[in-house]
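Residue strings, one per chain:
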Amino acid sequence: MPGAVRWLFIGLLSSLVSCTSTPVHEPDVVLSNAHGGGTELAFNQAGSLLASGGWSGYLRLWQLPGGAAVRSWRAHPAEITGIVFFGHGRRILTTGRDGSLATWDEQGKELYRRLSDSPVTSMALDEATDTVVTGHHDGSVRLWRLTDLVAVENFSIHADSVRAVASHAAGEWFASSDSDAQVYLWRRDGSYQVLQPPATDVRTLAFTPDGDWLYGAGWFRLLRWKVPGGEREVLKTDHFGIINSIWFTADGSTLASISRQTDSAVLFLDPASGATVKRLQRHDLCGAAVRVSDDGRFVATTADDGSVRIWDWQQAGVGSIPR
């Protein structure tokens, strides 16, 4: 049996076994037709708004906790690839496959827009240093000034399309991965370390809130590297597809994850072991993104099925993510 098929079979079998023994938490709010296909999500800092983006470039704002529609506008002429709130939640930054970055106020008024010469595939923000980092289809990683979206640096680190980027909590490091299974840890001055590569490309990256570890994920498994430049560790999970998005709770005790390609599971994982802490209701089609609000009250997911789903742990009588 070929290696990839063998791992797929093993992952599928283990997931089926775990599904029979782990309770599934259903969402409190389901926005069934939020997008033609969902791609990105972001909570504002107060946890009162959720932003979602999709294939067609529309950005939509939802009031929490109920999920009432607030407003919608077309932020990009192509798929939205990044969303983040900043400025105490009063501003929104988006990126798109059209190669542009744009900032908005809560009313949908465009403040700044800059166009690069390659589609933006991933975006991360370090508001403390006024820095936006973007990964691009041409393999470049670029730094921008958040205030006015002026380009600051352009690093040609990758030979293939960038899959994911992440920003270190202290602004000291950035990380990026590409479609050729290369992962880099690098600094603003352009110096970098090539991390021990995984067996498959890394679709998502996240530093722990304390900045001590860099986490990534691909097929079935979590990966982590000690910062700076430690050896790669591989953690098994109950996913049996590509883990497409991961997100830490603010205290770093729990890692939310969502997968795609033969799987659309939504799991809370123990970052130390990869074990499932909680299992949330899966999507009907491939998972795209998962986010946790800063206070841990809300979890949101979106997927190729176009829905946005919201879990409210306070409504469940818990207050924050249950362990």
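Computed from a predicted model, the values in this text were never measured in an experiment. Throughout, residues of each chain are indexed from 1 in the direction in which the sequence is written. Confidence filtering applies because this is a predicted model: local features only for residues at pLDDT of at least 70, side-chain atom pairs given and counted only at 80 or more, and all residues used for totals across whole chains, interfaces and linings. With hydrogens and water stripped out, all remaining heavy atoms of the structure feed into the side-chain values.

Participant: Please provide a residue-by-residue account of the packing of aromatic side chains, values included.
Facilitator: Stacked, tilted and edge-to-face are the three classes assigned to paired rings of Phe, Tyr and Trp, where Trp is represented by its six-membered ring and a pair needs centres within 6.5 Å; plane angles under 30 degrees give stacked, over 60 edge-to-face, the rest tilted. On inspection of all chains with the given rule, the structure shows eight aromatic pairs. Summarising the aromatic geometry, the rings of F43 and F298 are spaced 6.3 Å apart at their centres and angled 20° between planes, so their arrangement reads as stacked. Residue F43 is located in strand β3 (residues 38-43), and its partner F298 is located in strand β28 (residues 298-303); the two are separated by 255 residues in the primary sequence. Three exposure classes are used, based on accessible area relative to the maximum for each residue type with a 1.4 Å probe and protein chains only: buried under 20%, partly exposed in between, and exposed over 50%. Judged by its relative accessible area of 11%, F43 is buried. Note on F298: relative accessible area 2%, which makes it buried. Secondary structure elements are taken from DSSP: a helix is a run of H or I of four residues or more, a strand is a run of E of two residues or more, and numbering for both begins at the N terminus.

Participant: Which residues make up the sheet that holds strand β1 (residues 24-25), and what values go with them?
Facilitator: Strands belonging to one sheet form pairs held by backbone hydrogen bonds; the direction of such a pair is parallel or antiparallel. With mixed pairing, the five strands of this open sheet are ordered in space as β1-β26-β25-β24-β23. Looking at which strands have only one partner, the edges of the open sheet turn out to be β1 and β23 (242-248). As defined by bridge partners, strand β24 (residues 255-260) adjoins strand β25 (residues 266-269) across four bridges and the pair is classed as antiparallel. Following the sheet pairing, L255 is matched in β25 by L269. Note: two strands are recorded as paired if DSSP finds a minimum of 2 bridges between them.

Participant: So what's going on with unusual backbone geometry? Which residues, and what values?
Facilitator: Following L64, the chain continues to P65 via a peptide bond in cis, the omega torsion being 15°. Positionally, P65 belongs in the loop between β5 (58-63) and β6 (68-74). The step from V227 to P228 runs through a cis peptide bond, and the omega angle for that step is 0°. Structurally, P228 can be placed in the loop between β21 (222-226) and β22 (232-235).

Participant: Quick one: what's the story with the environment of C286, residue by residue and with numbers?
Facilitator: Structurally, C286 is set in the loop between β26 (276-280) and β27 (287-292). For C286 and D130, which are 156 residues apart along the polypeptide, the C-alpha to C-alpha distance reads 34 Å. Aside from chain neighbours lying at most four places away, what touches C286 is S259, R260, Q261, D263, S264, A303 and D304. We call two residues in contact when some of their heavy atoms are within 4.5 Å.

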